[in-house]
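Topology and contacts: notes
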Amino acid sequence: AEGSISLHVTIGVNQVTWAGVLRRAIEPLLADLPDSHLPAGHLDDPGLLRDGLAERLTALADRVRGLDPDDLVRAEQQRFLTNRPSRLAGSLLDRAGTVDDHTPLRRRGICRPLPPEGVRLRVLLGDRHLDVPAWLAPAFDRIAASTTLTPADLTEELDESSRLVLCRRLVREGALMIEGQP
């Protein structure tokens, strides 16, 4: 590219690896261990280091065996689906007040409800999450399964007032956009 104009494009693929998942699972366990100094004289008597290391490895292994894979899967899903850069063009414009029961809406990217926990529901949006009442789960399931919808499409799940409040909030949050607007 010394004699002419050149364009270079780099495409990066953010891969999730087993090593990364395991590292994120084990790091909190390591952080909880006391970070004491090695025993004096461990270079002259390797048994001092070996015994202390064996004791700590056994304790760590016991704690690793106590990890719940289901909890780790949920944490990994939430980490992946809430740490993306926001790409919401025009998101500072408040157009939510113009939403009525027949306004065509388009879902933007990720809108994934997790199974409700008690009275709360966590909805992953890609760059963050929303915590909402669990009784909204059927409405969020329908929204997550739709590319386009109107608030009236949520008639089976919510009354008119509730579905308008929900859709307007999701427009403000950037999870839904009014069809035809940037």
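Above: the structure in question.
Predicted model, so just to flag it, every value in this text is computed and none were measured. (Residues numbered from 1 in each chain as written. Predicted model: local features only at pLDDT ≥ 70, side-chain atom pairs only at ≥ 80, totals over all residues. Heavy atoms only, no water.)

Some words on the nonpolar core
- Counting residues in hydrophobic clusters, the biggest one holds 24 residues, and the most contacted among them are V123, F140, I143, L166, L170 and L176.
- If you list the elements that add at least two residues to this core, you get β3 (120–124), β4 (129–133), α4 (137–145), α5 (160–173) and β6 (176–178). (Core = buried A, V, L, I, M, F, W, Y, C linked by side-chain atoms within 4.5 Å. Buried < 20%, exposed > 50% of the residue type's maximum accessible area, 1.4 Å probe, protein only. Helix = DSSP H or I, 4+ residues; strand = E, 2+ residues; numbered from the N terminus.)

A few points about the sheet that holds β3
- One open sheet holds the three strands; their spatial order is β2-β3-β4, and the pairing between them is antiparallel. In this open sheet, the two edge strands, each paired with only one partner strand, are β2 (112–113) and β4.
- In this sheet, β3 lies alongside β2 in antiparallel orientation, the contact comprising two bridges. Its bridge partner being in β3, R112 is matched across the sheet by L124. (Pairing = 2+ DSSP bridges.)

Observations regarding a nonpolar patch on the surface
- Residues L7, V9, I11 and V13 make up a contiguous nonpolar surface patch of roughly 520 Å² in combined accessible area.
- Tracing the sequence through the fold places L7 in the segment before α1 (18–32). (Patch = residues over 30% accessible without salt bridge, like charges linked within 9 Å, V, L, I, M, F, W, Y side chains within 5 Å. Areas by Shrake-Rupley, 256 points an atom, 1.4 Å probe, with all protein chains shown as cover. Salt bridge = Lys/Arg side-chain N within 4 Å of Asp/Glu carboxyl O.)

With respect to α1
- Between its first and last C-alpha atoms α1 spans 22 Å; for 15 residues at 1.5 Å apiece the expected length is 21 Å, and the two agree.
- A bend of about 30° at I26 is the largest found in α1, and the proline P28 appears one to four places after it.
- Among the residues of α1, G20, A25 and L29 are the ones counted as buried.
- Its buried side turned inward, α1 meets α2 (46–65) and α3 (69–80). (Expected span 1.5 Å × (residues − 1). Bend = angle between axes of the 7 residues up to and from the residue. Contact = heavy atoms within 4.5 Å.)

What about the pattern of salt bridges?
- Evaluation of the coordinates by the stated rule reveals 14 salt bridges.
- Of the charged contacts in the structure, one is a salt bridge between R63 and D32, with a shortest N-O distance of 3.3 Å. One end of the pair, R63, is in helix α2; the other, D32, is in helix α1, and 31 residues separate them in sequence.
- Relative accessible area serves as the criterion here: at 31%, R63 is assigned to the partly exposed category.
- On the basis of relative accessible area, D32 is assigned to the exposed category, the value being 54%.
- Two residues, E76 and R79, come together in a salt bridge whose shortest N-O distance is 2.7 Å. Placement of the pair is E76 and R79 together in helix α3, with a separation of three residues, close to one helical turn.
- Each of D127, R128, R169 and E173 takes part in one network of salt bridges that share partners.

Comments concerning the pairing of β3
- Counting the residues in the hairpin turn of β2 and β3 gives six residues, including G118, whose phi is positive at 65°.
- Where β3 meets β4, five bridges bridge the pair, whose relative direction is antiparallel. Bridging from a neighbouring strand, V123 pairs with L130 of β4.
- Taking the residues between adjacent antiparallel strands as the criterion, β3 and β4 are bridged by four residues, where G126 takes a positive phi near 100°.

A closer look at the side chain of T103
- By secondary structure assignment, the location of T103 is in the loop between α3 and β1 (105–107).
- In this structure the side chain of T103 is engaged in a polar contact, spanning 2.8 Å, whose partner is the backbone nitrogen of D100.
- Setting aside residues up to four positions removed in sequence, T103 forms contacts with T98, L149, T150, P151 and I178. (Polar contact = N/O pair within 3.5 Å; in protein donor to acceptor, adjacent residues only side chain to side chain.)

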